[in-house]
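One-letter residues, chain by chain:
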Amino acid sequence: MRFKLRQMEVFRAVMLTGSMNGAAKLLFVSQPAVSRLIAHTEQSLGLQLFARDKGKLTPTPEAHRLFEEVGPLFEEALRIDEFARDLAARPEGALTLCSSPSLGLNFLPPVMARYLERYPNVRLKYHTTLLADMGHELLGRKAELAVSVLPIDHPNLIVEPFATGQMVCILPTGHPLAAQAEVGLAELAAYRLVLYSRNIPFGQLVAAAFQRAGVAWTASVDIVRAELACALVRAGAGVAIVDQFSVGQDGWPGLVVRPLRESIPLALSLVRSRFDAPSRHAQRFVRVLKEYAGT
């Protein structure tokens with residue numbers, strides 16, 4: 001192989017930092033060592049990777065194209081290296097988990113804490129992802145298990161509903177509607193509304209609820225994530241409708257959470273690939289999750 005992994009590492013470092021000196025600092029080696037390896041790489045590949053003019057380094061078009069290929073490959077090599085180190089440090093292995101963004105705010109952190117308390121030698125790798133991308137994450141094995149706040153319809157996914165919830169309204173502390181036990185959509189529409197954009201599933205649910213209730217409304221602010229709604233409402237930008245899992249039992253400081261008079265139901269689901277049997281770690285996590293959810 002003419003283009004060895006070490007050469008890729010040094011080439012990538014030069015491309016990232018823009019200089020031989022910067023690459024040397026990034027890799028904790030000497031600048032002459034970097035220069036020699038880059039020169040050797042150009043010679044062995046038969047490619048000029050950098051134009052040199054009065055000490056300034058400019059990547060050639062070939063270098064840019066090569067970098068596009070090297071970047072993902074080197075990131076994968078780093079992932080494998082990390083996995084190998086994990087095997088030595090954590091013989092139990094790891095569980096890669098993803099969820100809808102709102103579930104990462106209040107709902108899933110206690111579940112993950114309980115799981116890690118029971119299984120301290122397992123490494124959790126957790127990230128949030130949009131509903132539209134969840135199938136790609138699971139089928140591409142970027143995650144083994146997903147927790148969705150809305151249902152997913154995909155022929156290659158196994159979807160298991162395990163808990164229900166509701167959309168709720170959030171108000172700034174001291175708001176006139178905060179004195180009520182529940183709030184109607186018509187009452188909310190009289191104030192500035194911070195609502196999910198209609199091009200995402202949450203926004204479509206809310207829009208359908210307003211339509212069923214025969215209530216005309218106009219959003220003052222369109223958002224795509226619940227924490228943005230919470231921050232805006234707390235700042236006095238308006239009132240909002242979010243899923244109950246994003247605000248949790250205690251809500252956010254400076255906010256009041258009230259049920260909606262017109263129900264907008266939600267169904268939490270466990271989602272995994274139809275092509276992979278759940279690992280021992282995933283099965284354990286599901287048990288802890290269902291215990292927490294009371295199912």
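Residues numbered from 1 in each chain as written. Predicted model: local features only at pLDDT ≥ 70, side-chain atom pairs only at ≥ 80, totals over all residues. Heavy atoms only, no water.

### Considerations on the pattern of salt bridges
Going through the model one piece at a time under the given rule, you end up with 8 salt bridges. The salt bridge involving Arg6 is made with Glu9; its shortest N-O contact spans 2.5 Å. Of this pair, Arg6 and Glu9 are both found in helix 1 (residues 5–17), 3 residues apart, which corresponds to roughly one turn of the helix. In this structure, Arg141 engages Asp276 in a salt bridge whose closest nitrogen and oxygen atoms are separated by 2.8 Å. With Arg141 in the loop between helix 6 (131–139) and strand 5 (145–148) and Asp276 in the loop between strand 11 (265–273) and helix 11 (280–293), this residue pair connects regions lying 135 residues apart in the sequence. The exposed category is assigned to Arg141, whose relative accessible area is 61%. Three or more residues are tied together by salt bridges with common partners; here these are Glu182, Glu187 and Arg261. (Salt bridge = Lys/Arg side-chain N within 4 Å of Asp/Glu carboxyl O. Helix = DSSP H or I, 4+ residues; strand = E, 2+ residues; numbered from the N terminus. Buried < 20%, exposed > 50% of the residue type's maximum accessible area, 1.4 Å probe, protein only.)

### Some remarks on the pairing of strand 3 (residues 94–99)
Of the strand pairs in this sheet, strand 3 and strand 4 (residues 123–128) are connected by 6 bridges, and their pairing is parallel. Residue Leu97 lies in a different strand from strand 4, and its bridge partner there is Tyr126. Once the chain exits strand 3 it traverses helix 5 (residues 108–118) before rejoining the sheet at strand 4, and the crossover so formed is right-handed. As paired elements, strand 3 and strand 5 share 3 bridges and run parallel to each other. Bridged to Cys98 within strand 5 is Ala146. (Pairing = 2+ DSSP bridges. Right-handed = clockwise from strand over helix to strand, strands pointing away.)

### What about the UniProt feature "domain: HTH lysR-type" (unreviewed entry) in the protein chain?
The sites that carry the UniProt feature "domain: HTH lysR-type" (unreviewed entry) are, in the present numbering, residues 3–60. With 62% helix and 14% strand, the stretch residues 3–60 has end C-alpha atoms that lie 17 Å from each other. (UniProt positions renumbered as here; feature names shortened; annotations may be inferred.)

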